[in-house]
Amino acid sequence: MKNGQSWLRAGFISVVLAAGGLLGSCATPTGVTATAEEVLAGEVHTARFVIAEGERIVVEEDVHIIAEEDVVIHGELLGRNGATITITGSSIAIHGTVRAGDGESRDGVLESGQDGGNVILNAPYIDLASSTLAAGGGGNAGPAGNGGNGGSILLNDVISVQNAGAQLRGGSPGRGGAGINGHGEAARHGGDGGDGGGMQVRRAGQE
């Protein structure tokens, strides 16, 4: 997948943060609207995390949103470049879309496709009614390379999950590259396709 113009410039995002909370590395007081120039990356600590209906946040790399209280997503939280999206809170309600980043495809000889990102939700109470959760697809390989693995959806420390009308999709596998001559025996046979992603629910107290 080629990098296009960043989606981060498409409008504004509203993130409800506690006073002194962090948006990336930027301190943002409660109720202030953060512009789309600010990027979510790394660990983001906050009291509450809210994406309103009609709003979109795009992340370019792995992000872990850690809320002391609840997480509510009515809009879109979208990853690029194989980004994994991890959300931790006392409860998580998603009635919009959370989609991890697709792995980038490669063009070079023997280059393997990038793995797709995971969607990881850590909370005892998770409401996914009418949501769309999608892990990232694996990137396609260059000639004789291996396809990237599709990402997975992981729900951890769960007591209760509501998923009526939810669409949950593991990441599709990337295609292996065709065989070529002049780069050794293995290259002549071509690369392997990646593994498709899945979904796992780990209940609270489960080893």
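Residues numbered from 1 in each chain as written. Predicted model: local features only at pLDDT ≥ 70, side-chain atom pairs only at ≥ 80, totals over all residues. Heavy atoms only, no water.

## Some details on the overall build of the chain
At step 1: The number of helices and strands found in the chain is 1 helix and 20 strands.
At step 2: Looking at the 207 residues of the chain, the share that counts as buried comes to 43%.
At step 3: With the model as given, the accessible surface of the chain reaches about 9,600 Å², and the carbon-plus-sulfur share is 47%. (Helix = DSSP H or I, 4+ residues; strand = E, 2+ residues; numbered from the N terminus. Buried < 20%, exposed > 50% of the residue type's maximum accessible area, 1.4 Å probe, protein only. Areas by Shrake-Rupley, 256 points an atom, 1.4 Å probe, with all protein chains shown as cover.)

## A look at the pairing of strand E9 (residues 70-73)
At step 1: Going residue by residue along E9, you find Asp70 and Val72 tucked away on one face and Val71 and Ile73 tucked away on the opposite face as well.
At step 2: When strand E6 (residues 49-51) meets E9, the two strands line up parallel, connected through 3 bridges. Across the sheet, residue phenylalanine 49 finds its bridge partner in E9, namely valine 71. (Pairing = 2+ DSSP bridges.)

## Some thoughts on the confidence of the model for the chain
At step 1: Across the chain, pLDDT averages 81, with 77% of residues at or above 70.
At step 2: Low confidence marks residues 1-37, where pLDDT is under 50. Its contacts with residues over four positions away, or in another chain, come to 81 contacts. (pLDDT = per-residue confidence, 0-100. Contact = heavy atoms within 4.5 Å.)

## As for the sheet that holds strand E10 (residues 76-79)
At step 1: With parallel pairing, the 5 strands of this open sheet are ordered in space as E7-E10-E13-E16-E19. Of all strands in the sheet, those bounded by a partner on one side alone are strand E7 (56-59) and strand E19 (167-169). Pairwise comparison of adjacent strand axes, ignoring direction, gives a mean angle of 5° for this sheet.
At step 2: Pairing of E7 with E10 involves 4 bridges; the strand directions are parallel. Looking at E10, one finds that arginine 56 is bridged to glutamate 76. (Axes fitted to C-alpha atoms, helices over the stretch in contact; angles between N-to-C directions.)

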